[in-house]
Amino acid sequence: MNKIIFLLFAIICLYSCQAENSSLYDTRCENRTNPLGIDTNLPRFSWKIKTKANGDRQTAYRVLVASSPAGLKEGKADYWDSGKTESHESVFVPYSGVPLSSGVKAYWKVQVWDKNDRVSAWSEPASFSIGLLQAGDWKGDYIVFPKDKGNPQSPLLRKQFEIDGKAEITLFHINSLGYHEVYVNGHKVSDDVLAPAVSQFDKRSLARTYDISQFVKKGKNEAVIWLGSGWYQPGNPGVVYEGPVVRAQVETCNKGVRSTVLVTDNSWQACESGYLLTTDHWQFDRFGGERIDASVAPADMSNKELDKRQWVSAVKIDVPAHIVSPQSAEGNVIVETYQPKSIKQIAPDTFLADMGNSLSGWMKIKFPKLEKGQSITLSYSDRLEDNGDFPDQHQVDYYIASGQPNEIFCNKFNHHSFRYLTISGLKEAPKPETITAMLIRTGYAEEATFVCSDEDMNAIHDLVRHTLQCLSLGGYMVDCNHLERLGYGGDGHASTVTAQTMFNVYPLYSNWLLAWKDCLREDGGLPHTAPNPYPAGGGPYWCAFIVSAPWNTYLNYGDKRILETYYPVMKQWLKYVDTYTVAGLLKRWPDTNYRDWFLGDWATPGGVDWGNQASVDLIANCIISECYTLLEKIAHILGEDKEAENFAVRKAALNTLIQKTFFDTANANYATGSQIDLTYPMLVDATPADLLKKVTQRLFAETQDKFNGHIATGLVGVPVLVDWAIKENQPGFIYSMLKKREQPGYLYMIDQGATATWEYWNGMRSRIHNCYNGIGAWFYQAIGGIRPDDSGAGYRTVIISPQIPEGITWAKVTKETPYGTLAVNWEKQNGRIKFNITIPVGCTANFLLTEGVKTLESGKHEIIF
């Protein structure tokens, strides 16, 4: 009897030691979920903790990493067992086990201990694989479709291979210069499209890894690679062939032993696919579309269908030496589909479809019965002219019918930005259910929500949110996909805080920043876009992306490694700035064969003298002052204290010169007196404290008297206004401008039917553009009051201080931080404000009250004042 009582007591004690109120979720490796082919053999792990107890915290963790799922389940961590490690870290926890080699796939799980030393259950098993990291890891050749046998733009490549026995894991590594799709035994191996992400081809190409274990079988198998040119087109840097190029290999892994079972060489077969681009060189306003000959295009990837085709031998090709990196960003995915809001006939054989939403992506159409050779033309536009005409935006696809039943058109290796579509060549109106538009973007997670009592604010927020999703296809962010399709630093600089608040774009920025690093010239000069296929306009704000983007990525996601990587690049660019600094002030640098112009602000409304030299010079030097501030912080974080002190000294000297050179004492005015000219010196602390009130009054007077209370700035000025207003607790200033329904303004766009933001306030050119999206951060940082704190990057510490303008009575805001969901809900009630705040485990919030700071630990909190 005593033994039974003792046993029961032991079981109860064991159970009580479990942190039954805690569970682990959202496990990530390199901030991605179960990533394949990561670009490092020193991975880092992250996890989030759910708990019912307020004030709980992690005090220790244990991570197991194994070579097989079975080994992990049994606790046999042959790669790494961290043991119980006392630490509160749960974001980017570094691997510290046996060395991991290229091509390895591993499985991991984690458990944690809480503040009472109770251990949680294990997390669900997760996995990752290492990409091919070294040049010697690649065994195959680069191959192409021979151009003397046909058009090499979009070929099919085919090869059979054998697997002896059932492999535990089979991985397909592919390094394509241009787009690719991979099929094994007739099955497409991934839902990703338009792979890989972008890169600067003269310096780097990207590799993707696919787990094809479920598609292979013992014995004979067949692989098909379908290629498309994408940006790999003659005339672009690093391009050496008239069509796409590929190198690939298939590896099996049994009990940790890798074997290569397939490589690319000239034994592969190749054929034309029936898909062609309509232009042989992507350039400004000439991105064209695709021409699909359905009589030539494959109906499927079965052996029976493939055997009908005319095959020739693939050709090996030499590609200049460059870096091949595993892709760090998620692949492109279809995230939303739309069917027409309306269809109307505008000519005897032509129909106009309004998809009801602006988007970037693909079109899919199921045609009625067509005659063989019948030609259908699909034209795309983001707008209609004021008179209802359909403008020519040079986005056109052609479909040549096979005459077979159930013909379907779908894009494959190009994409469009549009809301409106014309279909020409049909004898009868298409049915709405036969037309589907597909929004495509990088496959990042959405990580924030905002809603408040003012429907106008909700509409502007949603407009910005949707726009950014239309512009983030390919592992970078573009200005617009249909006119330029370039990763402009200015547009990115202006929208980074908004994008990194709304979404988990850490992997996207990891990829995009590589392109910026690769575009750095020997003298430290940077282009205005990355990748940099051809010269593009911009100015210092565009180049300063190399400073602001790594800093904000660190601040929002907590990755110190990204600062270590890009700090040397920042300093090299700053030396270039010094070359064109005269008497302490940056002056215009020259145009080059990779960069044009020297802008201050851009895309301002009428009445703003954005090209005035004093304004341009003022803005340029405020940008450098802001860079000094960030570089001082970065240097301290990296332990470079002397360099940090130097940046502080340089900033102080520059601010003195800014004030001396550009300030008009008599009128309390800077340069032209525009909104950005007045706010930027105050934002970077160039304005002396005793003059802040006068300059602020001048700003308000200019806004009201000259611009009738409207926003009166452009791409650079929008985030500057937002940052200044948040810093100075001026929510009413921003709110009053956002409420304006006339031009210029966001509500003007919406009232004109916009579902994405425009390139210009008056609607010129692009209607899906990354120009004014810097406003998005204001909804979270001002109305929601959620702001990451420098002292605890990645939301380890956060400031909560809602700035509530008259006119908004409640708001509900969430932000998915690296530690979990942070929520701020507030409501005005009988002259008081009630706050309901949720803080995730691992995060500490400083809630700013009029009487001081209240520190909030994890859990739910209700505050009324």
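Residues numbered from 1 in each chain as written. Predicted model: local features only at pLDDT ≥ 70, side-chain atom pairs only at ≥ 80, totals over all residues. Heavy atoms only, no water.

**Focus: the overall build of the protein**
Working step 1: Broken down by element type, the protein carries 17 helices and 44 strands.
Working step 2: Against the 2.2 N^0.38 benchmark of 29 Å for 865 residues, the protein shows a C-alpha radius of gyration of 28 Å, consistent with a compact globule.
Working step 3: Seen through its C-alpha atoms, the protein measures out along the principal axes to roughly 95 × 80 × 55 Å.
Working step 4: Considering only residue pairs separated by 6 or more positions, the protein has 73% of its internal contacts joining residues 24 or more positions apart.
Working step 5: Split by element, the accessible area of the protein, about 32,800 Å² in all, is 50% carbon and sulfur.
Working step 6: Across the protein, 85 positive and 96 negative side-chain charges occur, with their mean positions spaced 5 Å apart. (Helix = DSSP H or I, 4+ residues; strand = E, 2+ residues; numbered from the N terminus. Rg over C-alpha atoms; globule rule 2.2 N^0.38 Å. Contact = heavy atoms within 4.5 Å. Areas by Shrake-Rupley, 256 points an atom, 1.4 Å probe, with all protein chains shown as cover. Lys, Arg positive; Asp, Glu negative; His and termini not counted. Charge placed at Lys NZ, Arg CZ, Asp CG, Glu CD.)

**Brief notes about the sheet that holds strand S41 (residues 832-839)**
Working step 1: Read across the sheet, 5 strands follow the order S32-S39-S40-S41-S44 without closing on themselves; strand pairing throughout is antiparallel. Looking at the sheet topology across the chains shown, the edges are occupied by strand S32 (448-452) and strand S44 (859-864). Strand-to-strand twist across the sheet, computed as the mean angle between neighbouring axes with direction ignored, equals 10 degrees.
Working step 2: With 6 bridges connecting them, S41 and S44 associate as antiparallel partners. Its bridge partner lying in S44, Thr838 is registered against Lys860. (Pairing = 2+ DSSP bridges. Axes fitted to C-alpha atoms, helices over the stretch in contact; angles between N-to-C directions.)

**Some remarks on the nonpolar core**
Grouped burial of nonpolar side chains is what soluble globular proteins tend to show.
Working step 1: Membership of the largest hydrophobic core comes to 215 residues, with the highest contact counts inside it found for Met363, Trp573, Tyr680 and Trp778.
Working step 2: Looking at this core element by element, the count peaks at 13 residues for helix H10 (residues 613-637).
Working step 3: Look past the residues within four positions of Trp573 in its chain and what remains in contact with it is Gly524, Leu526, Pro540, Cys543, Ala544, Ile546, Val547, Trp589, Ile624 and Cys627.
Working step 4: By size, the runner-up hydrophobic cluster in this structure holds 25 residues, among which are Val184, Ile212, Trp268 and Ala314. (Core = buried A, V, L, I, M, F, W, Y, C linked by side-chain atoms within 4.5 Å. Buried < 20%, exposed > 50% of the residue type's maximum accessible area, 1.4 Å probe, protein only.)

**Comments concerning the packing of helix H12 (residues 675-683) against helix H14 (residues 717-727)**
Helix-helix packing: each pair is described by the crossing angle between the helix axes and the interaxial distance.
Working step 1: Where H12 contacts H14, the two axes come as close as 9 Å, and the packing angle between them is 50 degrees. Taken as axis vectors, H12 and H14 run oblique relative to one another. Pair H12 / H14 crosses with left-handed handedness. Counting all contacts with H12, which are made through Gln675, Ile676, Thr679, Tyr680, Met682 and Leu683, the residues of H14 involved are Gly717, Val720, Leu721, Asp723, Trp724 and Lys727.
Working step 2: Split into classes, the residues belonging to the contact of H12 with H14 amount to 7 nonpolar, 3 polar and 2 charged. (Parallel < 35°, antiparallel > 145°, perpendicular 65-115°, else oblique. Left-handed = near helix turned anticlockwise from the far one by under 90°. Nonpolar A, V, L, I, M, F, W, Y, C, P; charged D, E, K, R; others polar.)

**Here we look at empty space enclosed by the protein**
Working step 1: Taken as a whole and assessed by the stated rule, the structure comprises 9 cavities of 30 Å³ or more.
Working step 2: Approximately 320 Å³ is the volume attributed to the largest cavity.
Working step 3: Surrounding the largest cavity, 28 residues form its lining, Val198, Ser199, Phe201, Trp231 and Pro531 being those nearest its centre.
Working step 4: In terms of residue class, the lining of the largest cavity is made up of 15 nonpolar, 12 polar and 1 charged.
Working step 5: Roughly 110 Å³ of volume is contained in the second largest cavity.
Working step 6: Taken together, 13 residues make up the lining of the second largest cavity; nearest its centre are Arg28, Asn31, Lys48, Thr817 and Pro818.
Working step 7: At the level of elements, strand S1 (22-29), strand S2 (44-51) and strand S39 (810-817) are the ones that each hand at least two residues to the lining of the second largest cavity.
Working step 8: Of the residues that constitute the lining of the second largest cavity, the class distribution is 4 nonpolar, 4 polar and 5 charged. (1 Å grid on protein atoms, 1.4 Å probe; cavity = no way out; pocket = protein on both sides within 12 Å on 5 of 7 lines; lining within 4 Å. Points joined across faces, edges and corners; volume = space filled by probe spheres on them.)

**Structural notes on the sheet that holds strand S6 (residues 93-94)**
Working step 1: Spatial strand order, S1-S2-S6: 3 strands in an open sheet with antiparallel pairing. Sheet topology places S1 and S6 at the edges, where each strand pairs with a single neighbour.
Working step 2: Inspection of the sheet shows S2 paired to S6 by 2 bridges, in the antiparallel sense. When the sheet's bridge partners are listed, Phe45 is paired in S6 with Val93.

**Description of helix H17 (residues 776-783)**
Working step 1: Burial of H17 is extensive: 8 of the 8 residues sit out of reach of the surface.
Working step 2: Residues of H17 that are buried: Gly776, Ala777, Trp778, Phe779, Tyr780, Gln781, Ala782 and Ile783.
Working step 3: A positive phi of about 75 degrees marks Gly785, the residue just after H17.

**What to know about the pairing of strand S26 (residues 350-366)**
Working step 1: In terms of residue burial, S26 counts as a mostly covered element, since 13 of its 17 residues are buried.
Working step 2: The sheet contact formed by strand S25 (residues 342-347) and S26 spans 5 bridges and is antiparallel. Each bridged residue has a counterpart across the sheet, and for Ala347 the counterpart in S26 is Thr350.
Working step 3: The hairpin turn running from S25 into S26, its antiparallel successor, is 2 residues long.
Working step 4: Across 5 bridges, S26 lies against strand S31 (residues 435-442) in antiparallel orientation. Each bridged residue has a counterpart across the sheet, and for Met363 the counterpart in S31 is Ala437.

**Here we look at unusual backbone geometry**
Working step 1: Cis geometry marks the peptide bond from Ala195 to Pro196, where omega comes out at 0 degrees.
Working step 2: With respect to the helices and strands, the residue Pro196 is situated in the loop between strand S13 (187-188) and strand S14 (204-211).
Working step 3: In this structure, the amide linkage connecting Ala530 to the following residue, Pro531, adopts the cis form with an omega of -5 degrees.
Working step 4: In this fold, Pro531 is placed in the loop between helix H6 (506-519) and helix H7 (540-543).
Working step 5: Positive phi values are uncommon outside glycine, yet Asn31 reaches one of about 60 degrees.
Working step 6: Tracing the backbone through its elements, the reader meets Asn31 in the loop between S1 and S2.
Working step 7: Among the residues examined, Asn31 registers a relative accessible area of 8% and is labelled buried.

**Concerning the state of the cysteines**
Working step 1: Overall, the coordinates contain 0 disulfides when judged by the stated rule.
Working step 2: Cysteine Cys470 shares no disulfide, and the gap to the nearest cysteine sulfur, in Cys480, comes to 12 Å.
Working step 3: Relative accessible area serves as the criterion here: at 0%, Cys470 is assigned to the buried category.
Working step 4: Cys627 supplies the cysteine sulfur nearest to Cys543, a cysteine that is in no disulfide, at a spacing of 9.8 Å. (Disulfide = S-S within 2.5 Å.)

**Points about the environment of Arg787**
Working step 1: Along the polypeptide, Arg787 turns up in strand S37 (residues 786-788).
Working step 2: In the structure, Arg787 is positioned 231 residues away from Asn556 in sequence and 9.5 Å away in space, judged by C-alpha atoms.
Working step 3: Sequence-distant contacts of Arg787, defined by excluding residues within four places in its chain, comprise Ile726, Gln781, Val798, Ile799, Ser801 and Gln803.

**Observations regarding the pattern of salt bridges**
Working step 1: Following the criterion strictly, the structure yields 41 salt bridges and no others.
Working step 2: Close ionic contact of Lys76 with Glu74 constitutes a salt bridge, the shortest N to O distance being 3.1 Å. The same class applies to Lys76 and to Glu74, which are both exposed.
Working step 3: When the shortest N-O distance is used, the salt bridge between Glu222 and Arg158 registers 2.4 Å. With a gap of 64 residues between them, Glu222 in strand S15 (residues 219-228) and Arg158 in strand S10 (residues 156-163) connect regions that are remote in the sequence.
Working step 4: Accessibility expressed as a relative area gives 6% for Arg158, which makes it buried. (Salt bridge = Lys/Arg side-chain N within 4 Å of Asp/Glu carboxyl O.)

**Thoughts on the packing of helix H5 (residues 489-502) against H6**
Working step 1: Orientation of H5 relative to H6, taken along the N-to-C sense of each, is 160 degrees, at an axis distance of 13 Å. If you check the angle between H5 and H6, you find them roughly antiparallel. Note on packing geometry: the crossing formed by H5 with H6 is left-handed. Listed contacts from H6 to Gly489, Gly492, Thr496, Ala499 and Gln500 of H5 are Tyr509, Trp512 and Trp516.
Working step 2: Split into classes, the residues belonging to the contact of H5 with H6 amount to 4 nonpolar, 4 polar and no charged.

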